[in-house]
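The primary structure of each chain is shown beneath.
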Amino acid sequence: MKKKTISVLSAVVLLGSVLAGCGSSTDKAAKPAPAAEGKAGDGALTPEKQLVVAGNGATVEQLMKDEIFKKFNEKYPDVKLTYVSGVSTEIVAKAKAQKASPQMDVTIIEGGEQEAGRVEGLWDTLNDKDIPSMKKVIEDLKTKDNSGVAVNFTPMGISYNEAMVKEKNLPVPTSWNDLARPEMKGNLTISEISSNFGRSTLIMLAYANGGNEKNMDAGFAKMKTIASYMPTFAKSAAQLQQNLQNKSAAYTTWTMARSLVQKDAGMELKFVVPKEGANLVPNVATIVKGAKNPNAAKLFVEFLLSDEVQKMYASKLYYNPATNVKLPDDTAKLLDFDRSKVVKFDLETVGAKTPEWIDRFNKEIAPNVGK
């Protein structure tokens, strides 16, 4: 099979350079209200007549448009809501490309990409006068310089097809290093490192072997072995999902939330947080600097932190709430994991080093695919 590499363009994409695709709008008819200027912090912000929200597609987009937007419009019926879907790297790229004249108001993106956008100066500074529920967000999820606010999170780990593992007498994974065991050959699918899933795996392989995001040699050494077990690195989460569905792979590395969603869809998946630990993947809401609809944006971010929406994220998409909202016992049990295993990445280092890692990946790892 033809070897595939990650182009240098991927590094540019990570820090922002390509455009995301557009979503569609959700409207709710209502009597027009007179225009008014809201004052930040007075508890009576008057929203503008529209709001553009950017975030992930698929099930996230469906929940946003079918339920969250509708609930928001019950409170603010005059706001026309538009959703722009794309992966986090693309959304950051779009925000950077539009920096002189922003077309998005709110983005909801993964923590690593949110940090990359902060470095680029793309986000407004948030405060709890405008968004009071910021005070409820779990301390470990706080962003640097209040450049955004986490609205949910999920741990990374290893998922495996339980039936295939039993049938083929394959190992049940307990360590990140299990991915480099000889039995994994022909049974593994992993994302390229321009994606959060692949990048997190690379960093955790470094941690599992005495390194970290500032010393990645051990991670690259393990990934070189892993590359030889696969015909290619996946380009997207959809490709990972397809490889698991058609049983061309028994194992992958992604989040608990995605694993549980796919289990609901009928895949016999088990999810484990390896013994060396795992990073959290927060989804962070930001308000784009210079947004055309800042009042509506602030009200929307506040709404995302409401108990109602936090419970939706948990019950519909299996994201852990960013606040200490009380969940039904069965949902809370499903989302429970060993918090003592959380590895907190230095996101500034990750953002700064990713282009260098991609270049190294192209030179050292990609040539070893399938060998």
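Reading guide: rules and limits
- Residues numbered from 1 in each chain as written.
- Predicted model: local features only at pLDDT ≥ 70, side-chain atom pairs only at ≥ 80, totals over all residues.
- Heavy atoms only, no water.
- Helix = DSSP H or I, 4+ residues; strand = E, 2+ residues; numbered from the N terminus.
- Buried < 20%, exposed > 50% of the residue type's maximum accessible area, 1.4 Å probe, protein only.
- Contact = heavy atoms within 4.5 Å.
- Areas by Shrake-Rupley, 256 points an atom, 1.4 Å probe, with all protein chains shown as cover.
- Core = buried A, V, L, I, M, F, W, Y, C linked by side-chain atoms within 4.5 Å.
- Phe/Tyr/Trp six-rings, centres within 6.5 Å; stacked < 30°, edge-to-face > 60°.
- Lys NZ or Arg CZ within 6 Å of the ring centre and 35° of its normal.
- Pairing = 2+ DSSP bridges.
- pLDDT = per-residue confidence, 0-100.
- Axes fitted to C-alpha atoms, helices over the stretch in contact; angles between N-to-C directions.
- Left-handed = near helix turned anticlockwise from the far one by under 90°.
- Nonpolar A, V, L, I, M, F, W, Y, C, P; charged D, E, K, R; others polar.
- Salt bridge = Lys/Arg side-chain N within 4 Å of Asp/Glu carboxyl O.

For the chain, the helix and strand inventory stands at 13 helices and 10 strands. Split into buried and exposed, the 371 residues of the chain put 56% on the buried side. Pairs at least 24 residues apart make up 77% of the contacts formed inside the chain by residues separated by at least 6 positions. Total accessible area computed for the chain in this model is approximately 16,000 Å², and 50% of it derives from carbon and sulfur atoms.

What follows deals with the nonpolar core. Grouped together as the largest cluster of nonpolar side chains are 103 residues, with contacts concentrated most on Ile68, Ile108, Phe300, Leu304 and Tyr313. Core analysis: the second largest hydrophobic core is formed by 11 residues, Ala54, Val92, Met104 and Leu122 among them.

Summed over the entire model, instances satisfying the criterion amount to nine aromatic pairs. Here the aromatic rings of phenylalanine 72 and tyrosine 76 are separated by 4.8 Å at their centres, their planes lie at 45 degrees, and the arrangement is tilted. There is no split in this pair, since phenylalanine 72 and tyrosine 76 are both buried. Site record: aromatic cluster; members linked through ring pairs are Phe69, Phe72, Tyr76, Tyr83, Phe300 and Phe303. Here arginine 360 stacks its cationic end above the ring of phenylalanine 220, 4.2 Å away from the centre of that ring.

The next subject is the environment of isoleucine 158. Looking at the element boundaries, isoleucine 158 is found in strand 5 (residues 149-161). Measuring from C-alpha to C-alpha, the distance between isoleucine 158 and methionine 256 comes to 8.4 Å, with 98 residues separating the pair along the chain.

The element strand 9 (residues 280-287) is largely enclosed, with a buried count of seven among its eight residues. Two strands pair when backbone bridges link them, and strand 5 and strand 9 are joined in this way by six bridges, in the antiparallel orientation. Bridge pairing in strand 9 places valine 149 opposite alanine 285.

Another point: the confidence of the model for the chain. In this model, the chain carries an average pLDDT of 89, and 88% of its residues clear a pLDDT of 70 or more. Low confidence marks residues 1-42, where pLDDT is under 50. Its contacts with residues over four positions away, or in another chain, come to 99 contacts.

Quick look at the packing of helix 2 (residues 58-75) against helix 10 (residues 294-304) now. Packing of helix 2 against helix 10 leaves a shortest axis separation of 11 Å and a crossing angle of 115 degrees. The interaxial crossing formed by helix 2 with helix 10 has right-handed handedness. Contacts between helix 2 and helix 10 involve Met64, Ile68, Phe69, Lys71, Phe72 and Lys75 from the former and Ala296, Leu299, Phe300, Phe303 and Leu304 from the latter. Its residues placed into classes, the contact of helix 2 with helix 10 shows nine nonpolar, no polar and two charged.

The subject of this paragraph is the side chain of serine 200. In this structure, serine 200 sits in helix 6 (residues 196-207). According to the relative accessible area criterion, serine 200 is buried, its value standing at 2%.

According to the stated counting rule, one finds 21 salt bridges in the structure shown. Of the charged contacts, one joins glutamate 120 and lysine 96 as a salt bridge, the two residues approaching to 3.5 Å between their closest N and O atoms. Taken together, the positions of glutamate 120 in the loop between helix 4 (111-119) and strand 5 and lysine 96 in helix 3 (residues 88-97) put the pair 24 residues apart, joining distant regions of the chain. Between lysine 142 and glutamate 139 there is a salt bridge whose closest N-O contact spans 3.4 Å. One salt-bridge network, in which partners are shared between bridges, spans Glu115, Arg118, Lys144, Asp145 and Glu348.

On to the environment of valine 52. Checked against the element boundaries, valine 52 lands in strand 2 (residues 50-55). Note: C-alpha distance between valine 52 and valine 106 (54 residues apart in sequence) is 6.5 Å. Excluding residues within four positions of it along the chain, valine 52 makes contact with Thr82, Val84, Gln103, Met104, Asp105 and Val106.

Within strand 7 (residues 251-255), five of the five residues are buried, which leaves the element mostly enclosed by the surrounding structure. Pairing between strand 5 and strand 7: five bridges, direction antiparallel. Opposite glycine 157, over in strand 7, you have tryptophan 254 as the bridge partner. Judged from the two bridges that link them, strand 6 (residues 188-189) and strand 7 form a sheet pairing that is parallel. For threonine 189, the partnering residue across the bridge sits in strand 7 and is threonine 252.

The complete set of buried residues in helix 11 (residues 307-317) reads Val309, Gln310, Met312, Tyr313, Ala314 and Leu317. In the stretch just after helix 11, tyrosine 318 is the one whose phi turns positive, near 65 degrees.

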